[in-house]
Amino acid sequence: MCSDSVAATSALSDSARLLFVTPGKLGDGLISLVIAHNLVRAGYSVTVRGDVVNALAEWLPTYATGPTLQHEEYAEVAREFDLCIIDSQAPNLQKGETDLRPQLARSSAFFSLAHYENSLDGLFDPTALSPNLRSLEKLVPRRGLVRDQRNRSSHMVEHALKFCEREMHVRDATSDIGLRIPPRIQQEPHASPKVVISPTSGKEKKNWLSQRFISLAAQLTERGVECVFAVAPEESAEWRLKLNGGFALAATDSVADLAELLAGASVVVSNDSGTAHLASAIGIQVVCIISSWDSSYGWRPGWAASELIRPLLPVRAIPGLWPHFVGVSRVFDAVMRRIEREKSDKN
């Protein structure tokens, strides 16, 4: 690594104030924190803006946080920091026919996990930095796309880690995002295994069949496993009807409520969703049901141990077909393996 790489601490980094703006989705926001936390580890003072991170402020003690920036706030807030590092897909950068990104890119660093406008590369003007902070130019990516298309076997957490090293010259980067279970939350030993089931996601086409999630819960309950369902607040009424009192539906009115629920689980079962990433970041094993046939699926959970359950055949291109190629028994077996692994790890 070159000698001008970002050191663990320095007088420069101690005095430099960075604004980090995350993408809007739960999973993407958590993955982007790999970048933010490596900058914290390098000694920078980092403020993170985004509703997901702000909701998890108690879980992320190494950052100052704030809500999602509104369109009219970007230019004003940016002036409060020595350098802004912004996801190009962050909310409210575009409004109507106005796109703030080209102008902001002259004084801010842009990145994106997988969907990036290459036209933003090379726009940064080093003279926008204070003369005594010109070394911050090292943090401005030459290429802002985090995902390295040459490495298709890595998951996105690994891509973010390598991006820190490749494009921001951070030494000894780690996948840690600084997420810590608050001391007030007691992780009591399980009298019986507890499985949290998250049967929805941000896109209907990514969801396994509702009835199969319920059948899975019934089979697990017969084996003495406690099952709790968790959905977004706006989905609660629908899922109360589906569960018909047969299983508990947790009150998860916020991301923080969801995190607290997941922290008490032995295993989390989910679709390809932000819940899977949050559970993994907390350190909980995940059984993740995905529509892709690819065993190296890049968006798989990237922190705690996870197991992907894929369709038996590559039928993703046919709308609505893939969930029928994932049987309940395969998911059940995966959950039981993870429960046994948890028991083994504790012994």
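It should be noted that the structure appears before, not after, this text.
Predicted model, so just to flag it, every value in this text is computed and none were measured.

Visitor: Account for the sheet that holds strand β12 (residues 285-289), naming residues and giving values.
Guide: Within a beta sheet, neighbouring strands are joined by backbone hydrogen bonds and run either parallel or antiparallel to one another. With respect to topology, six strands assemble into an open sheet ordered β10-β9-β8-β11-β12-β13, the strand pairing being parallel. Whereas interior strands pair on both sides, the edge strands pair on one side only; in this sheet they are β10 (248-249) and β13 (306-309). In the sheet, β12 pairs with β13 via four bridges, with the strands oriented parallel. Bridge pairing in β13 links Val287 to Glu307. Strands β8 (194-198), β9 (226-229), β11 (267-271) and β12 of the sheet are contacted by helix α7 (residues 210-222), whose axis makes an angle of about 155° with β9.

Visitor: Which residues make up the sheet that holds strand β2 (residues 45-49), and what are the values?
Guide: What the five strands build is an open sheet, ordered β3-β2-β1-β4-β7; its pairing is parallel. Only two strands of the sheet have a single partner each, and these edge strands are β3 (64-66) and β7 (108-111). Neighbour-to-neighbour, the strand axes of this sheet turn through a mean angle of 20°, independent of strand direction. Where strand β1 (residues 17-21) and β2 come together, five bridges link them in parallel fashion. Within β2, the position partnered with Leu19 by the bridge is Thr47.

Visitor: Can you tell me about the packing of helix α2 (residues 26-41) against helix α6 (residues 156-168), naming the residues and giving the values?
Guide: Between α2 and α6, whose axes approach to 8 Å, the crossing angle comes to 40°. The pairing of α2 with α6 is recorded here as oblique in orientation. Remark: the crossing between α2 and α6 carries right-handed chirality. Touching Ile31, Val34, Ile35, Asn38 and Leu39 of α2 are Met156, Val157, Ala160, Leu161, Phe163, Cys164 and Met168, all from α6. Residues belonging to the contact of α2 with α6 are distributed by class as follows: eleven nonpolar, one polar and no charged.

About the cut-offs
- Residues numbered from 1 in each chain as written.
- Predicted model: local features only at pLDDT ≥ 70, side-chain atom pairs only at ≥ 80, totals over all residues.
- Heavy atoms only, no water.
- Pairing = 2+ DSSP bridges.
- Helix = DSSP H or I, 4+ residues; strand = E, 2+ residues; numbered from the N terminus.
- Contact = heavy atoms within 4.5 Å.
- Axes fitted to C-alpha atoms, helices over the stretch in contact; angles between N-to-C directions.
- Parallel < 35°, antiparallel > 145°, perpendicular 65-115°, else oblique.
- Left-handed = near helix turned anticlockwise from the far one by under 90°.
- Nonpolar A, V, L, I, M, F, W, Y, C, P; charged D, E, K, R; others polar.

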